Amino acid sequence: MRAIEVLTAALLLVYPLAVWLGLNYLPPGVLAGMLCLLLLLRLVLKRQQLKAMALPLLAGVLLTAGSLLAKRQDWLLYYPIVINLTMLGVFGQSLLRGPSMVERLARLGEPDLPDEAIPYLRKVTALWCLLFVVNGGMAFYTALFTSLEIWTLYNGLIAYILMGILAGGEWLYRTLVLKRGA
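A brief look at the structure comes next. (Residues numbered from 1 in each chain as written. Predicted model: local features only at pLDDT ≥ 70, side-chain atom pairs only at ≥ 80, totals over all residues. Heavy atoms only, no water.)

Once that is clear, we can look at unusual backbone geometry. In this structure, the amide linkage connecting Gly98 to the following residue, Pro99, adopts the cis form with an omega of -15°. Turning to its location among the elements, Pro99 is positioned in the loop between α5 (79–97) and α6 (101–109). Although it is not a glycine, Lys71 sits at a positive phi angle of roughly 55°. (Helix = DSSP H or I, 4+ residues; strand = E, 2+ residues; numbered from the N terminus.)

What follows is the structure, given as structure tokens:
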């Protein structure tokens, strides 16, 4: 069961590449059906931990099933928008209700965070919200106004690079600058 969970997670990470390959090399409808089954499987496997991920998985099922039924392959391009909107909602809501999402994640590794860290972690959470707005906007733009290749490049590579730069840059800043100053 764990292997299937890892496989479905990995396949969803390469969703843009799968869309590009499927739309270029598979008969119409095959890709939508396969992605719909993958998302349904992920939904069933994660039913115990669904809270934040239920919405994007359900939206993905609706987009892929709708794409299959309506014979509209372009609907497959909207899933990265859903993911970014969901993550924006989760991170943004944590800023309103607290504790911030980055604080929650930080407490997994360091449960006794100093109080001075809380404002910094809120700022990092806000920065993630900004990144989700940018990535969601670019996902929307590329889905509507660019070629499939540009959509795949942005959503399957550039968006991941930007998230990696933010995560890695924040980690470097925290470990090299903040801890040195402490």
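A few words now on the nonpolar core. Grouped together as the largest cluster of nonpolar side chains are 23 residues, with contacts concentrated most on Tyr15, Val19, Leu35, Leu76, Tyr79 and Trp151. Elements with a contribution of two residues or more to this core: α2 (15–25), α3 (30–45), α4 (51–70), α5, α7 (117–145) and α8 (148–181). The dominant element in this core, judged by the number of residues it contributes, is α3, at 7 residues. Leu121, Trp128, Cys129 and Phe132 belong to the second largest nonpolar core, which has 15 residues in total. (Core = buried A, V, L, I, M, F, W, Y, C linked by side-chain atoms within 4.5 Å. Buried < 20%, exposed > 50% of the residue type's maximum accessible area, 1.4 Å probe, protein only.)

The terminal C-alpha atoms of α3 lie 23 Å apart, and with 16 residues this matches the ideal 22 Å at 1.5 Å per residue to within 8%. For α3, the full list of buried residues reads Leu31, Ala32, Gly33, Leu35, Cys36, Leu38, Leu39, Arg42, Leu43 and Leu45. (Expected span 1.5 Å × (residues − 1).)

Taken together, Leu127, Leu130, Val133, Val134, Met138, Phe140, Tyr141, Leu144 and Phe145 make up a surface patch of nonpolar side chains, about 840 Å² in accessible area. Within the element layout of this structure, Val134 appears in helix α7. (Patch = residues over 30% accessible without salt bridge, like charges linked within 9 Å, V, L, I, M, F, W, Y side chains within 5 Å. Areas by Shrake-Rupley, 256 points an atom, 1.4 Å probe, with all protein chains shown as cover. Salt bridge = Lys/Arg side-chain N within 4 Å of Asp/Glu carboxyl O.)

With their axes 10 Å apart at the nearest point, helix α1 (residues 2–13) and α3 run at an angle of 135° to one another. For the element pair α1 / α3, the angle class is oblique. The handedness of the crossing between α1 and α3 comes out as left-handed. On α3, the residues that touch Ile4, Glu5, Thr8, Ala9, Leu11 and Leu12 of α1 are Leu38, Leu39, Leu41, Arg42 and Leu45. Across the contact of α1 with α3, the residue classes break down as 8 nonpolar, 1 polar and 2 charged. (Axes fitted to C-alpha atoms, helices over the stretch in contact; angles between N-to-C directions. Parallel < 35°, antiparallel > 145°, perpendicular 65-115°, else oblique. Left-handed = near helix turned anticlockwise from the far one by under 90°. Contact = heavy atoms within 4.5 Å. Nonpolar A, V, L, I, M, F, W, Y, C, P; charged D, E, K, R; others polar.)

Here we take up the pattern of salt bridges. Considering all chains together, one arrives at 2 salt bridges under this definition. Where Arg72 meets Asp74, a salt bridge forms, and the shortest distance between an N and an O atom there is 2.7 Å. The exposure class of Arg72 is partly exposed, given its relative accessible area of 37%. Ionic pairing is found between Arg107 and Glu103, a salt bridge with its closest N-O pair at 2.9 Å. Remark: Glu103 and Arg107 occur in helix α6; sequence separation between them is 4 residues, near one turn of the helix. For Arg107, a relative accessible area of 28% gives the class partly exposed.

Quick look at the packing of aromatic side chains now. Under the defined criterion, the tally for this structure stands at 7 aromatic pairs. For the pair Trp20 and Tyr25, a centre-to-centre distance of 6.0 Å together with 75° between the ring planes defines the contact as edge-to-face. Residues Phe91 and Phe132 carry aromatic rings whose centres are separated by 5.2 Å and whose planes lie at 70° to one another, so their mutual orientation is edge-to-face. Of the two residues, Phe91 is situated in helix α5 and Phe132 in helix α7; the sequence distance between them amounts to 41 residues. We classify Phe132 as buried; its relative accessible area is 5%. In textbook terms, an aromatic cluster arises when at least three aromatic residues are bridged by ring pairs, as seen for Phe91, Trp128 and Phe132. (Phe/Tyr/Trp six-rings, centres within 6.5 Å; stacked < 30°, edge-to-face > 60°.)

Our focus in this paragraph is α6. Taken residue by residue, α6 has Met101, Val102 and Glu103 as its buried positions. Of the surrounding secondary structure, the elements contacted by the buried residues of α6 are α5 and α7.

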